[in-house]
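For reference, the chains in residue letters:
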Amino acid sequence: MQLLTEIRVAGFGGQGVILAAAVIGKAAAIYQGGYATMTQAFGPEARGGSSSAQVILSTEPILYPYVAHPDVLVVMSQEAYTRFAPQLKPGGILIAEQELVHIDKMPSGIRVYGVPATRLAEELGRKVVLNIVMVGFFGAVTNLLDPDALRKAVADSVPPAMQKLNLQAFDKGFEYGATLVHTLAEKGEEGHPVSMETES
Amino acid sequence: MHADPKGVLTGVHFLDGDHACCEGTLAAGARFAAGYPITPSTEVVERFASRIPTVGGIFIQMEDELAASIAIQGAVWAGAKAFTVTSGPGFSLMMEHIGLAAMTETPCVFVDVQRGGPSTGLPTLPGQADMMQARWGSHGDYGIIALCPNSPQECFDLTIQAFNLSEEFRVPVMMMMDECVGHMTEKVVIPEPDQIEITPRRYTKLPPEEYRPFEPREDLVPDMARTGEGYRFHITGLTHDERGYPNMSVETQDRLVRRLLAKLNPLANGRSLCETENLEDADVVVVSYGITSRVAQRAIQLARSRGIRAGKFRLITAWPFPAERIRELAGRVKAFVVPELNLGQMVLEVERAAAGQAKVIPVSHAGGTVHNPDTILNAIVEAAR
């Protein structure tokens, strides 16, 4: 974990945006001995189908609770991308559900990673776990948190009957991300702006 | 006495402040809550309503805040520990019954998750503008206790303290949260029940024929009687004598009302809860509370990194206000900087206590978000000149 990493997760209501953010926060604060503060939009902006949460991860107690310019932005809808992408910190990471989000121009220096999370979730038989696929993918491409801590946080955040499915979803997203990072590294594009991988 | 294990959700959790506050009420032994839903406080009683059937107790969603704030007092006199939860508009409606709780010395807890005001204001955004209302909102002279948590962990810890203090002093205790702390999710550690100290209600040891319900002990707080054990007592909002009967004499009024304030003196002075840092060499002391104290801490760090001798005085008990400690500091620092999410409330207390011995600089904010740490930093820099 780094001294301070600010993350925003955003998408439609019902996609499990808040749970995805909570899993990331829980992994850091409970299973990795760090600090995490999660806040979420409660105002009129939280209505009408959009949903967004902010998580700050740190090795020290977190004082200022809000995120203005995230280091990592995870988007699961076009609207979330349009609204929040301009706020990304220079050098930041954009993670997108690539079949729901069309990425147009991004400022140079932003690393972009795409994942067909909904499709991967459907392959497991339940579209609803797309948020956990995103968390797995996030874990692999950012390398911010110990994958075991994330896995434990996933298991701890869902009802017992849903644990197996959610852990499969996590692993699926994680493997997809790990493969993508590996492929990009072989192409020598690590650390450079990359376009999305569109073929799994 | 230790906490009843039935109410204690021992473990490490990732909870928001509202839910942590609810766990605090259960750990403290609250087995009755009445409320009327209002953003951003509803989650406290929502969780209580879902948890209480397995713990054993009652939640009633009342018709309004007046009803909620009086139902809890009935429950207290019947033997329960009880609380209600609200936000600004509902807090306004509860004022009459806060006065009744103060006058009848009914130990109970009011949780106010503050949002931007006045009136309907900013339902989903933070404010700290109910601080004076908490102290002075009901008519007449009386004292209350107000606690200001700045994290979900403290929403748990201080809620237990709130119940304990209400039993010790027999006053309504206000948990002055804010939307930011209430809706912020962080790690919350809930200890084992035997690690949680609970102040039991102090019941009289006298036989029914000798018991006088408002006869104070040496600490100026009277003992209560167990309902249903043969003790006959009368509770009234009218000025009453030690027997609890109405008595409109000037002497009785003077004796009663002075005692309602004086019983809180130990908390106002030596026992006030606060968190201090770097006061020894401080030129400028930042006085803050609730969520603002975290942002202020950031500003203090920034000031220190610039070589400014800034110190921290964080109010945990906002009421009774720790006037003596501020007065003592005022004699040796240049200035106090007081950021708060209102246009100047607790800063008036700092001014009163400082009594002209040190500059007092408000950093006001109408609410809706928290301060930018730089704004507080600028005030510190200015004050240190």
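Below: a short report on this structure. Keep in mind it's a predicted model, so treat the numbers as computed, not measured.

Points about the overall build of chain B
Scanning chain B for helices and strands turns up 13 helices and 15 strands. A compact globule built from 385 residues should have a C-alpha radius of gyration of about 21 Å, and chain B, at 21 Å, falls within 12% of that. Structurally, chain B occupies a C-alpha span of about 65 × 50 × 40 Å along its principal axes. Excluding contacts between residues fewer than 6 apart, the proportion of contacts in chain B whose partners are at least 24 apart in sequence is 77%. A total accessible area of about 14,400 Å² is found for chain B, and carbon and sulfur atoms account for 52% of it. Each charge class in chain B was averaged separately, 36 positive and 47 negative side chains, and the resulting centres sit 4 Å apart.

Structural notes on the state of the cysteines
Residue and element names in this part refer to chain B. With the rule as written, the count across this model stands at zero disulfides over all chains. Of all cysteine sulfurs, the one in Cys21 lies closest to Cys155, which takes part in no disulfide; the gap is 6.3 Å. A relative accessible area of 0% places Cys155 in the buried class. A disulfide-free cysteine, Cys274 has its sulfur positioned 12 Å from the sulfur of Cys148, the nearest such atom.

Brief notes about the interface of chain A and chain B
Contacts between the two partners involve 16 residues from chain A, matched on the other side by 23 residues from chain B. Roughly 1,600 Å² is buried in total at the junction of chain A and chain B, and carbon and sulfur atoms are behind 67% of that figure. Along the contact surface separating chain A from chain B lie zero salt bridges. Applying the counting rule to chain A against chain B returns three residue pairs in polar contact (both at pLDDT 80 or more). Among the elements of the structure, helix H1 (17–29) and strand S2 (35–40) of chain A are those that each provide at least two residues to the side of chain A that touches chain B. Of the residues assigned to the side of chain A that touches chain B, the class counts are 11 nonpolar, four polar and one charged.

Here's the deal with helix H6 (residues 163–186) of chain A
All names here are of chain A. Its 24 residues place the ends of H6 34 Å apart at the C-alpha level, agreeing with the 34 Å of an ideal helix rising 1.5 Å per residue. Taken together, the buried positions of H6 are occupied by Leu165, Asn166, Leu167, Ala169, Phe170, Gly173, Tyr176, Gly177, Leu180 and Leu184. Elements in contact with the buried residues of H6: strand S6 (111–115), helix H3 (117–123), helix H4 (130–142) and helix H5 (147–157). Phi turns positive one or two residues past the end of H6, at Gly188, with a value near 75°.

Some points on the packing of helix H3 (residues 65–77) of chain B against helix H4 (residues 88–104) of chain B
Residue and element names in this part refer to chain B. Between H3 and H4, the least distance of the axes is 7 Å, while the angle of their chain directions is 25°. As the angle between them shows, H3 and H4 are arranged roughly parallel. The two elements H3 and H4 meet at a crossing, and its hand is right-handed. Residues Glu65, Leu66, Ala68, Ser69, Ile70, Gln73 and Trp77 of H3 touch H4, and the partners they reach there are Gly90, Leu93, Met94, Glu96, His97, Leu100, Ala101 and Thr104.

Quick look at the side chain of B:Arg170
Residue and element names in this part refer to chain B. Of note, Arg170 is situated in the loop between helix H6 (152–169) and strand S8 (172–178). It is Glu105 that comes nearest to the buried, bridge-free Arg170 among opposite-charge side chains, at 5.0 Å. Here Glu105 takes part through its backbone oxygen, which lies 2.7 Å from a polar atom of the side chain of Arg170.

Considering the sheet that holds strand S12 (residues 310–315) of chain B
Residues and elements named next belong to chain B. Overall, mixed pairing links the five strands, which are arranged S10-S12-S11-S14-S15 in an open sheet. Strands at the two margins of the open sheet, each flanked by one partner only, are strand S10 (274–277) and strand S15 (359–364). Going from strand to strand, the sheet's axes swing by 20° on average, the running direction of each strand aside. Judged from the four bridges that link them, S10 and S12 form a sheet pairing that is antiparallel. Paired with Glu277 across the bridge in S12 is Lys312. Lying on the sheet, helix H13 (residues 373–384) is in contact with strand S11 (284–288), S12, strand S14 (335–340) and S15; it crosses S15 at an angle near 165°.

Rules used in this analysis
Residues numbered from 1 in each chain as written. Chains lettered and ligands numbered in written order. Predicted model: local features only at pLDDT ≥ 70, side-chain atom pairs only at ≥ 80, totals over all residues. Heavy atoms only, no water. Helix = DSSP H or I, 4+ residues; strand = E, 2+ residues; numbered from the N terminus. Rg over C-alpha atoms; globule rule 2.2 N^0.38 Å. Contact = heavy atoms within 4.5 Å. Areas by Shrake-Rupley, 256 points an atom, 1.4 Å probe, with all protein chains shown as cover. Lys, Arg positive; Asp, Glu negative; His and termini not counted. Charge placed at Lys NZ, Arg CZ, Asp CG, Glu CD. Disulfide = S-S within 2.5 Å. Buried < 20%, exposed > 50% of the residue type's maximum accessible area, 1.4 Å probe, protein only. Buried area = accessible area lost by both parts, 1.4 Å probe. Salt bridge = Lys/Arg side-chain N within 4 Å of Asp/Glu carboxyl O. Polar contact = N/O pair within 3.5 Å; in protein donor to acceptor, adjacent residues only side chain to side chain. Nonpolar A, V, L, I, M, F, W, Y, C, P; charged D, E, K, R; others polar. Expected span 1.5 Å × (residues − 1). Axes fitted to C-alpha atoms, helices over the stretch in contact; angles between N-to-C directions. Parallel < 35°, antiparallel > 145°, perpendicular 65-115°, else oblique. Left-handed = near helix turned anticlockwise from the far one by under 90°. Pairing = 2+ DSSP bridges.

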